[in-house]
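Coordinate analysis (summary)
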Amino acid sequence: MPPPQSRLHSGAKVMIMLVFLLSLLIGSSLVWQHSSQEVKQQKLAAIDIARFHINSLQVKLERNLSSAYALAALVKQGGGEIRDFDAVAGQLLPYYPQVKALALSPGGIISHTYPLAGNEGALGLNQLTHPVQGAEAVLARDSRRLTLTGPVELAQGGVGLIGRLPVFMDEDGDSFWGFVSVVIRLSDLLANVELQTLEQRGYAFELWRRLADGQGGTHRQIIAGSAHPLPPDAITESLRLPNGHWQLSLAQPGGWRDTQGLAQQLLGALVFSLMLAFLVYLLAQTRWQARRLELEVRSRTREITEARNQLEEALARQKSLITASNTGAWEYDGDSDELHCSEEYFSMLGLDKLDYERRHGQRLATSWRELLHPDDRERAQRAFDDYLRRADDALYQNQFRMRHANGDWVWILSRGRTLRDPRGEPGPLTVGTHIDITEQIRDKEQIHFLAHFDPLTGLPNRSLLVERTRQAIQLARRKQAAMALLFLDLDRFKSINDSLGHKVGDKLLIRVAERLKQFCREEDTISRFGGDEFILVLPMTDAEGAAHFAQRLLSVMAEPYVIRKHDIRLSVSLGIALYPDDGQSFNDLYHHADIAMYQAKEAGRNGYRFFTAEMQSRYSRMLLLENGLRQAMERQQLRLVYQPQFSLDEGRLIGFEALLRWQHPELGTVSPAEFIPIAEKNGFIVPLGDWVLATALQQQARWQRQGLPPVIMGVNVSAVQFRHPGLCERLRAQLAAVPAELLELELTESVMMDNPQRAVAVMEQLNLLGVHLALDDFGTGYSSLSYLKRLRLTRLKIDQSFVRDLLEDEESRTIIGAIISLARNLGLQTIAEGVENREQLELLRLMGCDQAQGYHLGQPMEVERATALLSSVALDIA
């Protein structure tokens, strides 16, 4: 086995060789890459220079050739000749320095040239048949474009370029006149673009073009070039001419790459690689020497091993505290009954560690027990003692409350473990942490509260209500007793909420919940079921007890509520369902109590109703109507009939009232008095009302197109539809084909009840549209005269309940007389509804009523009969 020193040198040699070769390879690559980049930059610079000269040459050529267009314009202007050509050409030449001669060639034969001196040989030359210039002359004529010939030997001597522009007297025909020619001396042109400066800048260059050699091939014609030959790696830029291309090629005479500089850089890379290899060699030598020193140090280290182990044992105790110090850390010594705690431990209790230890000493175990909540103290101490007696390596964990310095109680999660010796035996030390979990406990309680209670009122919600109802049913079943479930709904709560605001509405709900909790027994369950609805579950309560409870509750709930200086009076409607007669489950009892509550509302509110089988039948019919109503329009089950209205003084037909009819496929004809309230309750009244308006106005438009007399079309608008946003906008769109003054909206007095100011504002908008307004069923409802005088009404409709008893009841006659008198004083017309016989009609006429409608005058009729009636002469009802 070779000694370590020989192995050292063998490995170093291999390492040095690898470093040298790798460094040389990388350095050479970098040098070559740098050289290639320089070549690329030089070529890019050469391209820019070539483009500059190409552009300069092109600009000069285009400027000089523009003289041909000037002469051509003069030829056309002169009708095929230029008078005093020499004078004109003499004035043009100074503007085109490289143009040496201008010529006119009618029919292709040169007839005029300027200057004539030196150019006499060109006169009479036929350009179309010339052996050299003929092909390009014919090309110019046939293509009708300017062509450039050259470089060519000029007839007047020298080498030049000939710009030849064909002239046509008629642009749309074939009236070829001849050519206008411009002769440019090539030497002057090249001198002007300074191509020779390229050679002065160190470039070899050639300006060349490709020419056909007559044998199907091409050859390269050198137009101008440098003294140095052009290397093969030259860059080339193209100059586009009217009928060809010139090329300008540039290159460095000695090539683009600096071979001498490249060699110097490669030599530098070689030297650097050698130096780096030598440095690696020195580092390797140092490494092996350090290894020998390490062996010496290791032998001496054995002497302090025992001292190091003792130090590690001393630090283990501190390390445990440090590991647990991310929260509140503690350490308990079972031998001395000492408890040590970290600063974080005291901080979470709002205490200062130094101050607390100064007052209580190091024996904190007793003071820890004093900080525990009285309800948790015994349990927490017993759990810790039980853990200390265990022999297995288990984790201690417990939860308890500790008193904070501010008097609050803090929930603590305590975890710990007893330290063991190398043999696995438990030692006297137990270390652990305290974590403040107060927020987690509160969150858990909040989640439990939200899952079972209403956040606004604190009453049980649906899930807890269902569970408590189930328990109450089980109790009633075991005791063979009854149980009552009451469905309570606040009357007109929506109006209070809308008028006084949601904050007052929420406060009112809280007050109602508080009053219910004060009124009910402890064993009763009160739940806010949603919105303004409450459910009360009364265990062990029969029908008599439920009725007594309901009567007392109505009185209690009717007492006023004072909220934000508002004196609010509220009534409730109650529906009662009893177990077991009305249901065996929560769903059945709730459903039946809901039906009974709606019966209480229909009976006038502020009352209670027990569920009966008859209610179920009525409720089933109501559901059938509600579901069918949504499909009635789609299935064309709805239609309008029209009841005529007549003036009493002339007996003339003045209009119709559009009345809605529903033919149900199973129930037959359904009265509007039955399905309109359902539509108002479920919100379907808005699209239903829009359909009635649209259908009535479409019929009015058809009558107009048929040329029938214009009459008023009366359409009833419910209070719900009237209060719904966008009524005026929708009506404006529907009035596009019908004059607004032919529509009368019949409103009930209930539109004024919830928000009279808003109702007046909507009526004013309707007046602006031009629509007539009538107050329907006048005298049976709100009838606020203070608002009546502000409304721009057209008519008051006398309710048929007064007309029905007109002949027998003096009070009815007095009311009708008062209505007629009031209307006349306000400038309004009156129309009586429900006129059933001639005696009623005559008395109404004597009392001064303006108009009437009813079965005596005409029953509601289909559209065909209404059309026929409108077509006939006014009916004489005298």
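For the structure itself, consult the block above.
Worth saying up front: this structure is predicted, and the values here are computed from it rather than measured.

Conventions we followed
- Residues numbered from 1 in each chain as written.
- Predicted model: local features only at pLDDT ≥ 70, side-chain atom pairs only at ≥ 80, totals over all residues.
- Heavy atoms only, no water.
- Axes fitted to C-alpha atoms, helices over the stretch in contact; angles between N-to-C directions.
- Helix = DSSP H or I, 4+ residues; strand = E, 2+ residues; numbered from the N terminus.
- Parallel < 35°, antiparallel > 145°, perpendicular 65-115°, else oblique.
- Left-handed = near helix turned anticlockwise from the far one by under 90°.
- Contact = heavy atoms within 4.5 Å.
- Nonpolar A, V, L, I, M, F, W, Y, C, P; charged D, E, K, R; others polar.
- Salt bridge = Lys/Arg side-chain N within 4 Å of Asp/Glu carboxyl O.
- Buried < 20%, exposed > 50% of the residue type's maximum accessible area, 1.4 Å probe, protein only.
- Pairing = 2+ DSSP bridges.
- Core = buried A, V, L, I, M, F, W, Y, C linked by side-chain atoms within 4.5 Å.

With that out of the way, let us pick up the packing of helix 22 (residues 727-734) against helix 23 (residues 756-769). Helix-helix packing is characterised by the crossing angle of the two axes and by the distance between the axes. Relative orientation of the contacting elements helix 22 and helix 23 amounts to 15 degrees, with a least axis distance of 10 Å. What the angle tells us is that helix 22 and helix 23 run roughly parallel. Crossing angle aside, the handedness with which helix 22 passes helix 23 is right-handed. Contact with helix 22, carried on its side by Cys728, Leu731 and Arg732, involves Val762, Gln765, Leu766 and Leu769 of helix 23 and no other residues of that element. Residue classes in the contact of helix 22 with helix 23 are distributed as five nonpolar, one polar and one charged.

Right, let's talk about the pattern of salt bridges for a bit. Within this structure, the stated rule accounts for 29 salt bridges. In this structure, Glu237 and Arg51 form a salt bridge, with 3.3 Å as the shortest nitrogen-oxygen distance. Residue Glu237 is located in strand 8 (residues 235-241), and its partner Arg51 is located in helix 1 (residues 4-77); the two are separated by 186 residues in the primary sequence. Looking at Glu237, the relative accessible area reads 17%, which means it is buried. Here Asp489 makes a salt bridge to Lys601, at a shortest N to O gap of 2.8 Å. Here Asp489, found in strand 15 (residues 483-490), pairs with Lys601, found in helix 17 (residues 586-602); they are 112 residues apart in sequence, far enough to count as distant. Residues joined by salt bridges that share partners form a network here, namely Glu657, Glu746, Lys797 and Glu833.

We now examine the sheet that holds strand 17 (residues 533-538). In space, the five strands of this open sheet follow the order 16-17-15-20-21, with mixed pairing throughout. Among the strands making up the open sheet, the edge pair consists of strand 16 (525-530) and strand 21 (607-610). Between one strand and the next, the sheet's axes are offset by a mean angle of 20 degrees, whatever the strand orientation. Relative to strand 21, strand 20 (residues 572-579) runs parallel, the two being bridged by four bridges. Looking across to strand 21, one finds that Gly575 is bridged to Arg609. Helix 15 (residues 502-519) contacts strand 15, strand 16 and strand 17 of the sheet and is inclined by roughly 10 degrees relative to strand 17. Helix-sheet contacts for helix 16 (residues 543-558) involve strand 15, strand 17, strand 20 and strand 21, and the interaxial angle to strand 20 is about 165 degrees.

Grouped together as the largest cluster of nonpolar side chains are 79 residues, with contacts concentrated most on Phe722 and Leu745. The element that contributes the greatest number of residues to this core is helix 20 (residues 685-705), accounting for nine residues. If you look at the next biggest cluster of nonpolar residues, it comprises 50 residues, including Leu104, Leu146, Trp177 and Val182.

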